[in-house]
Protein chains: 2
Amino acid sequence: MPDQRIISREEISGFAREFRRTFVNSLSGFKSLHLCGTIDFQHRTNLSVMNSVIHIGADPPLLGMVFRPDVVERHTLTNLEQTGFFTLSQVTEPMCRQAHQTSARYPQEVSEFDATGLTPWYSGRLPAPYVAESPVKIGLQLQERHHIMVNATLLVVGRVLEVILPDAVIGPDGFVDLEQAGVLAASGLDAYFRTQRVARYGYAKPGQLPELLP
Amino acid sequence: MPDQRIISREEISGFAREFRRTFVNSLSGFKSLHLCGTIDFQHRTNLSVMNSVIHIGADPPLLGMVFRPDVVERHTLTNLEQTGFFTLSQVTEPMCRQAHQTSARYPQEVSEFDATGLTPWYSGRLPAPYVAESPVKIGLQLQERHHIMVNATLLVVGRVLEVILPDAVIGPDGFVDLEQAGVLAASGLDAYFRTQRVARYGYAKPGQLPELLP
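Calculation criteria
Residues numbered from 1 in each chain as written. Chains lettered and ligands numbered in written order. Predicted model: local features only at pLDDT ≥ 70, side-chain atom pairs only at ≥ 80, totals over all residues. Heavy atoms only, no water. Helix = DSSP H or I, 4+ residues; strand = E, 2+ residues; numbered from the N terminus. Rg over C-alpha atoms; globule rule 2.2 N^0.38 Å. Buried < 20%, exposed > 50% of the residue type's maximum accessible area, 1.4 Å probe, protein only. Contact = heavy atoms within 4.5 Å. Areas by Shrake-Rupley, 256 points an atom, 1.4 Å probe, with all protein chains shown as cover. Lys, Arg positive; Asp, Glu negative; His and termini not counted. Charge placed at Lys NZ, Arg CZ, Asp CG, Glu CD. Buried area = accessible area lost by both parts, 1.4 Å probe. Salt bridge = Lys/Arg side-chain N within 4 Å of Asp/Glu carboxyl O. Pairing = 2+ DSSP bridges. 1 Å grid on protein atoms, 1.4 Å probe; cavity = no way out; pocket = protein on both sides within 12 Å on 5 of 7 lines; lining within 4 Å. Points joined across faces, edges and corners; volume = space filled by probe spheres on them. Nonpolar A, V, L, I, M, F, W, Y, C, P; charged D, E, K, R; others polar. Core = buried A, V, L, I, M, F, W, Y, C linked by side-chain atoms within 4.5 Å. Phe/Tyr/Trp six-rings, centres within 6.5 Å; stacked < 30°, edge-to-face > 60°.

**Q** Explain the overall build of chain A to me, please; I cannot follow it from the model alone.
**A** Looking only at helices and strands, chain A features six helices and 13 strands. Its C-alpha atoms give chain A a radius of gyration of 19 Å, within 12% of the compact-globule value 17 Å for 214 residues. In terms of overall dimensions, chain A has a C-alpha envelope of 55 × 50 × 35 Å along the principal axes. Out of the 214 residues in chain A, the part that is buried amounts to 61%. Of all intrachain contacts in chain A linking residues separated by at least 6 positions in sequence, the fraction that spans at least 24 positions is 58%. When the accessible surface of chain A is split by element, carbon and sulfur atoms take 52% of a total near 8,100 Å². Computing the positive centroid from 19 side-chain charges and the negative centroid from 22, chain A places the two 4 Å apart.

**Q** Explain the environment of G29(A) here, please?
**A** Here G29(A) lies in the loop between helix 2 (17–26) and strand 2 (34–39). By relative accessible area, which is 1% here, G29(A) ends up buried. Along the primary structure G29(A) and G188(A) are separated by 159 residues, whereas in three dimensions their C-alpha atoms are 8.2 Å apart. Ignoring anything within four residues of it in the chain, the contact list for G29(A) reads S32(B), H34(B), Q90(B) and L178(B).

**Q** When you look at the interface of chain A and chain B in this model, what are you seeing that I'm missing?
**A** Interface extent is often summarised as the accessible area lost during association of the parts. Facing the 114 residues of chain A at the interface are 114 residues of chain B. Summed over both sides, the interface of chain A with chain B buries roughly 10,000 Å², with 61% coming from carbon and sulfur. Inspection of the region where chain A meets chain B yields eight salt bridges. Linking R125(A) and E10(B) is a salt bridge whose minimum nitrogen-to-oxygen distance equals 2.9 Å.

**Q** Even after reading the chapter, I still don't get the pairing of strand 4 (residues 54–58) of chain B, so can you show me in this structure?
**A** All names here are of chain B. Among the five residues of strand 4, five are classified as buried, and the element is accordingly described as predominantly covered. By the bridge criterion, four bridges tie strand 4 to strand 5 (residues 61–67) in an arrangement that is antiparallel. Looking at the pairing, I54 lines up with G64 of strand 5.

**Q** Any chance you could explain empty space enclosed by the protein here in plain terms?
**A** What the rule picks out here adds up to one cavity of 30 Å³ or more. Considering the residues around the largest cavity, the lining is formed by 18 residues, among which S32(A), V53(A), I54(A), V53(B) and I54(B) are closest to the centre. Of the residues belonging to the lining of the largest cavity, the class tally is six nonpolar, ten polar and two charged.

**Q** Teacher, can you tell me more about the pattern of salt bridges here?
**A** Oppositely charged side chains can form a pair if their charged atoms are brought close together. Going through the model one piece at a time under the given rule, you end up with 24 salt bridges over all chains. Residue R5(A) pairs with E11(A) through a salt bridge whose shortest N-O separation is 2.9 Å. Taking relative accessible area as the criterion, E11(A) reaches 30% and is therefore assigned partly exposed. Beyond isolated ion pairs, a larger network of salt bridges with shared partners links R5(A), E11(A) and D167(B).

**Q** Would you mind going over the nonpolar core with me for this structure?
**A** If you look at the biggest cluster of nonpolar residues, it comprises 72 residues, and the most contacted ones within it are F23(A) and F23(B). Once residues within four sequence positions are removed from consideration, F23(A) is found in contact with I7(A), I12(A), F15(A), V163(B), L165(B), I170(B), G174(B) and V176(B).

**Q** Please explain the packing of aromatic side chains as it appears in this structure.
**A** Each aromatic ring pair is specified by the distance between its two centres and by the angle formed by the two planes. In this structure the tally under the stated criterion is ten aromatic pairs over all chains. An angle of 85° between the planes, with centres 5.1 Å apart, marks the rings of F30(A) and F193(A) as edge-to-face. Remark: F193(A) occurs in strand 12 (residues 191–201) and F30(A) occurs in the loop between helix 2 and strand 2; sequence separation between them is 163 residues. Ring plane angle 45° and centroid distance 6.1 Å describe the contact between Y201(A) and Y192(B), whose orientation is recorded as tilted. One end of the pair, Y201(A), is in strand 12; the other, Y192(B), is in strand 12 (residues 191–201), on a second chain. According to the relative accessible area criterion, Y201(A) is buried, its value standing at 8%.

This is the structure we're talking about:
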């Protein structure tokens, strides 16, 4: 392929800092997009856009997310560690610019709910706020933390306490149709995407190509 | 919202196993989609679809991925731990069904390259094979492992050794346009998606809405 370029680790190390940050952040593929809601002991709320949420396990239901050492979402991490609770609200197109705006460096006393106009909503099951505008909301309790030594990032694992979503997007086999719910995907640090389903395939078995699911 | 449903952790625990697995796997939002290539000391190759790859850091460039304890990609994990090297090849629409098929439980002596017809390709910089058909290829060396205690999953962190991709998809600021490269996103265990960009926004600052980037 004549237009292919091979970029070595040495070349990446030599990139300017912002260029490298933007480049490497694109490499992990498309990302999930959530707003993480927390509250501190003085009832001050915080909201932070997250694109590092991943599936950790189904039984018990567990999600993970990565915190970088030097970043804005430090208020989120502090609150999460103080109270032990956090929420994830998935982001749709009408909420997208406000979600991005939560990454601005607001002081601790400013709630990103107030700053962006997104609406806090409480289920009563945990102290942290959800984003009312979001169609898919997940409430979690802190379960484990793992320090990644090489660059001082932190993997936080949370246990799902409740899920709030439209009944219509849950399929007969349990599949949650995020596209139908209007949820966006992310890439890099600042790009947001609609999706269009190509296929769902059945359980793969040796010797036969997987079937298309409806 | 009258159609909203609140599903508690107790209700999730009571779901049938397959329903719960499908349901919870959808909750983490859209996912990245890679094929992980490895080789063992007998030069037997292995290829496994992964939807848990995440960004860990830019300097040094690091990616992570999660391995479940009871799964097919055990051969991948064994090879990766034996040799210390693995590749990630991002998945496009023409490769999608073959990528899904690599999740079938083939015996160790069967290479998923042979079974699916995907083509192994070697850069010479590391022993593990890439998928020739993939437009975005990343070579990595094992850096760290973290055991998630609550469910015996494993987070593997790899350091990027090289990136191979079309020069045309790298923007002037370092942004890699995965959509232009034809890379897909995933959801749940078996759903695959094209993307359509909604927006890229500039660096967010308090007091002003973020600018649209070209």
